[in-house]
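Observations on chain architecture
Each chain is listed here by its residues.
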Amino acid sequence: MEKKAGTSVISDSAKQTASIMAGKIIALLATFTMPLFLTRFLTKYEYGIFSQFYLVVNFCTVIFSLGIHSNLYFFYPNASEKERRSLILQTLILLLIFTLFAIGLVNIPLLNTFLIGKGDLLNYIPYISLGILFLLPIYIIEPLYVAKIDNVTSVLYPPAVVLFRLAFVIGFAVCLHNLNAVFLGIIVAGFVAFAFVMFYSLKGIELKSIRSLINLELVKKQLKYSLPFGLTLVLNTLALQFDKIICISFLVPAAYATYSVAFYGIPGVEQVYQSLSQVYLIKMASKFHENKIADISEIYKTLVTKTYSFSIPAILLVSLYAKRIIVLFFTNKYIDAVPLFRTYILSFLVFMLGAGLILRATDKTALSLKVYLLSSLFTLPLTYFLIKHFGIWGGMTSAMVSIILPKVWQIRYEMRLIHTNFFSYFPWKKFLIIALISVITIIPFIFIEYFFEYGNIIMLLLAAIYLLSVSALEIKYGVFIFDSIAINAKIKDLTSKFISIPASRFTKR
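Residues numbered from 1 in each chain as written. Predicted model: local features only at pLDDT ≥ 70, side-chain atom pairs only at ≥ 80, totals over all residues. Heavy atoms only, no water.

1. Description of the overall build of the protein
Spelled out, the test is: Only runs of H or I of at least four residues qualify as helices and only runs of E of at least two qualify as strands under DSSP, and these elements are numbered from the N terminus. Per-residue accessibility, obtained with a 1.4 Å probe over protein chains only, is compared with the maximum for each type, and a residue is labelled buried under 20%, exposed over 50%, and partly exposed between these values. Here, residues are in contact when the closest pair of their heavy atoms is within 4.5 Å.
Broken down by element type, the protein carries 24 helices and two strands. Relative to its full complement of 509 residues, the protein shows a buried share of 52%. Across the protein, every contact between residues at least 6 apart in sequence was considered, and the portion connecting residues at least 24 apart equals 81%.

What follows is the structure, encoded as structure tokens:
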């Protein structure tokens, strides 16, 4: 469905992408306030403990969700109204069951040593359990508001969650002045998010109708679709987080704090990618349902052109200002994280290729499972060996291998699936245009950085000039994240609304 604005056309998918993107970016801006506060409020040792706590909670919520919520992307858009209620209810019930299972395992002494180690983090198991309880079930909301095309919730929910967490953490920390207060703030904010998600998900589902909505045949379909993807997600999470889990046992908390800072990534890039990939995943799945496999290739090329249009300039810019960024957000105490940080952000070049999306859209998630299973046989022992013998840099090396290897393997399967090869699978010409624009444009900014002294305000101004310059050139050459037709339509729409405002509105009475 498309709507006209002036003489141009803005697609509904573009609006949805913009809504999801706006919500995630606003949330990101609020998220970065947290380390600004915590790295100043906590000692480096305490921040290391906090990072370990956050890692374990996030690791458990991802692992034990088993990706069951992902079935909504595939089934919800084409389901009847009753089937939609069944899909939501059954997904939520499964998530709650997995939550209780995860909490049980975390509290078994022989098993929790693997996740928590034998250090001071053991003292915070009750907080870890509560974090899992409130944060795992809420995984349902993102695929739900994306599948519903609920643009309002897409914009408001992500930043609201982050702002509540920030408010409670700062509030409790200022009042109680200790690390426990930080954990307490996270738990209370998690409960607020949990309560909202329960209301949002179950709205329209009456208690008396729950029994009639349980559809075992549909449950089987949900599990059949989700479990291969879920097990893939487990292996993917192991690949991405195993180094950090092992580091809990081999690094002291202060060194762990440095290591965790290196993985903060690039502000906004991952959030924009997720916004795009969710919308394009549904597009590709729809083409698969229509048996139009050839069209999936074109949709994929459009997606990766968009992801590279912002990720390549972002990687160059953040690499240039890495030292300033680390000091600004985390203080001079964490300056030793700069080379690690620069190394990690190179992995975004592979991450932005969206490996695995086509497998998900075509119901071939079992192939992703195979990829991560075989990759883990190599990467997991490699990770343990490198961290044990080489410490922080061993961890970073294993992390890069664990990120890149399965992605390359997935892409190989996807090429076969849509009957193409390496040279025609990617939009190489557009990649080259984006790379040339990004690299040539940044040259004067490199010169300024290394030959002039200036403060952070000037850095932000220079970064804005660089991004605007790149954006303008990408629009000119047709490789920007939003096409020129949609941009011109939006400008005309806003201009016509402004012009149509009666002059009397601006007249002082």
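2. A closer look at the side chain of His-69
As for its placement among the helices and strands, His-69 is situated in the loop between α3 (44-65) and α4 (71-75). Non-local contacts of His-69, meaning those with residues more than four positions away in its chain, are made with Thr-91, Leu-95, Tyr-139, Ile-140 and Pro-143.

3. Some thoughts on the side chain of Lys-407
Relative to the helices and strands, Lys-407 resides in helix α20 (residues 365-417). Look past the residues within four positions of Lys-407 in its chain and what remains in contact with it is Val-350, Ala-355 and Tyr-372.

4. Some thoughts on α20
Note the following rule: An expected span of 1.5 Å times one less than the residue number is assigned to each helix. The quantity called bend is, for any residue, the angle between two axes fitted respectively to the seven residues ending at it and the seven beginning at it.
The terminal C-alpha atoms of α20, which comprises 53 residues, lie only 12 Å apart, well short of the 78 Å expected from a rise of 1.5 Å per residue. At Phe-390, α20 shows its largest bend, some 150°. One or two positions beyond α20, positive phi appears at His-419, with a value near 60°.

5. What to know about the packing of α3 against helix α10 (residues 179-202)
In plain terms, the rule: Angular values range over 0 to 180 degrees, each being the angle between N-to-C directions of two axes fitted as lines to C-alpha atoms, with helices fitted over their stretch in contact. What sets the label is the angle itself: under 35 degrees gives roughly parallel, over 145 gives roughly antiparallel, 65 to 115 gives roughly perpendicular, and the rest give oblique. Left-handed describes a crossing whose near helix is turned anticlockwise from the far helix by less than a right angle; the clockwise case is right-handed. In this classification, the charged set is Asp, Glu, Lys and Arg, the nonpolar set is Ala, Val, Leu, Ile, Met, Phe, Trp, Tyr, Cys and Pro, and all remaining amino acids, among them Gly, are polar.
The interhelical angle for the contact between α3 and α10, taken along N-to-C directions, is 25°, at an axis separation of 11 Å. Between α3 and α10, the angle is such that the two are roughly parallel. Relative to α10, the crossing made by α3 is right-handed. Residues Glu-46, Ile-49, Phe-50, Phe-53 and Tyr-54 of α3 lie in contact with α10, whose contacting residues are Leu-179, Val-182, Phe-183 and Ile-186. In terms of residue class, the contact of α3 with α10 is made up of eight nonpolar, no polar and one charged.

6. A word on the packing of aromatic side chains
Counted only if it meets this: What counts as a ring pair is set by centres within 6.5 Å for rings of Phe, Tyr and Trp (its six-membered ring), and what kind of pair is set by the plane angle: stacked under 30 degrees, edge-to-face over 60, tilted for all other angles. Two thresholds decide whether a charge sits over a ring: the Lys NZ or Arg CZ must be within 6 Å of the ring centre and within 35 degrees of the ring normal.
Scanning the entire structure with this criterion turns up 43 aromatic pairs. Here Phe-447 and Phe-452 contribute two aromatic rings whose centre-to-centre distance is 6.1 Å and whose plane-to-plane angle is 65°, an arrangement assigned as edge-to-face. The exposure class assigned to Phe-452 is partly exposed, which follows from its relative accessible area of 46%. Cluster of aromatic residues (ring-pair linked, three or more members): Tyr-47, Phe-50, Phe-53, Tyr-54, Tyr-124, Tyr-127, Phe-183, Tyr-264, Phe-329, Phe-330 and Tyr-334. Over the ring of Phe-263 we find Lys-244, and its NZ or CZ is 3.8 Å from the ring centre. We note Lys-283 situated over the ring of Tyr-280; from NZ or CZ to the ring centre the distance is 4.6 Å.

7. Re the packing of helix α15 (residues 293-320) against helix α23 (residues 456-476)
Running from N to C, α15 and α23 cross one another at 150°; their axes reach a closest spacing of 11 Å. In this view, α15 runs roughly antiparallel relative to α23, as classed from their interaxial angle. In this structure, α15 meets α23 at a crossing whose hand is right-handed. In this structure, α15 contributes Ser-309, Pro-313, Leu-316 and Leu-317 to the contact, and α23 contributes Ala-463, Tyr-466, Leu-467, Val-470 and Glu-474. Residues that form the contact of α15 with α23 fall into these classes: seven nonpolar, one polar and one charged.

8. Focus: the environment of Leu-213
You can see Leu-213 is positioned in helix α11 (residues 210-213). Given a relative accessible area of 2%, Leu-213 falls into the buried group. Contact partners of Leu-213, with chain neighbours within four places excluded, come to Lys-82, Arg-85, Ser-86, Leu-89, Gln-90 and Ile-205.

9. Some points on α15
Along its 28 residues, α15 runs 41 Å from first to last C-alpha, staying within 8% of the 40 Å computed at 1.5 Å per residue. Where α15 bends most, at Tyr-308, the angle is about 25°. Counting buried positions over the 28 residues of α15 gives 21, a clear majority of the element.

10. Focus on the pattern of salt bridges
What counts here: Salt bridges are defined as contacts in which a side-chain nitrogen from Lys or Arg sits within 4 Å of a carboxyl oxygen from Asp or Glu.
On inspection of all chains with the given rule, the structure shows seven salt bridges. The residue Asp-336 makes a salt bridge to Lys-44 at a minimum N-O spacing of 3.6 Å. Of this pair, Asp-336 sits in the loop between α16 (322-330) and α17 (338-345) while Lys-44 sits in helix α3, and the two are 292 residues apart along the sequence. Taking relative accessible area as the criterion, Asp-336 reaches 40% and is therefore assigned partly exposed. The shortest N-O distance in the salt bridge between Glu-290 and Lys-292 comes to 3.6 Å.

11. A few points about the nonpolar core
How we decide: In this description, a nonpolar core means a group of buried Ala, Val, Leu, Ile, Met, Phe, Trp, Tyr and Cys residues linked to one another through side-chain atoms lying within 4.5 Å.
Residues Leu-38, Tyr-47, Phe-50, Leu-121, Ile-128 and Tyr-321 are the most contacted members of the largest nonpolar core, which totals 148 residues. Here this core takes 13 residues from α15, the largest share from any one element. Apart from residues no more than four positions distant in its own chain, Phe-50 is found in contact with Leu-38, Leu-42, Leu-179, Val-182, Phe-183 and Ile-186.

12. Describing a nonpolar patch on the surface
Rules: Surface patches are drawn from residues lacking salt bridges whose relative accessible area is over 30%; two like charges belong together within 9 Å, two nonpolar side chains (Val, Leu, Ile, Met, Phe, Trp, Tyr) within 5 Å. In this description, accessible areas are obtained by the Shrake-Rupley approach with a 1.4 Å probe, and a residue is regarded as covered only by the protein chains that are shown.
A cluster of nonpolar residues, Ile-446, Phe-447, Tyr-450, Phe-451 and Phe-452, forms a patch on the protein surface that exposes about 590 Å² of accessible area. Within the fold, Phe-447 resides in helix α22 (residues 428-451).

13. Some points on the environment of Leu-251
Within the secondary structure layout, Leu-251 lies in the loop between α12 (216-250) and α13 (253-261). What makes Leu-251 buried here is its relative accessible area of 12%. Along the sequence, Leu-251 and Ile-392 sit 141 residues apart, while their C-alpha atoms lie 8.0 Å from each other.

14. Digging into the confidence of the model for the protein
Detailed reading of the predicted model is not advised wherever pLDDT is low. Put simply, the rule is: As a per-residue measure, pLDDT tells how confident the predictor is, with possible values from 0 to 100.
Model confidence for the protein is summarised by a mean pLDDT of 84, while 88% of its residues fall at 70 or above. Strand β1 (residues 2-5) is the least confidently modelled element of the protein, averaging 41 in pLDDT, while α22 averages 95, the highest of any element. Low confidence marks residues 1-10, where pLDDT is under 50. Its contacts with residues over four positions away, or in another chain, come to 24 contacts.

15. Side note on unusual backbone geometry
Despite not being glycine, Leu-66 has its phi angle at roughly 55°, a positive value. Positive phi, normally seen in glycine, also occurs at His-419, with a value near 60°. Within the secondary structure, His-419 is located in the loop between α20 and α21 (422-425).

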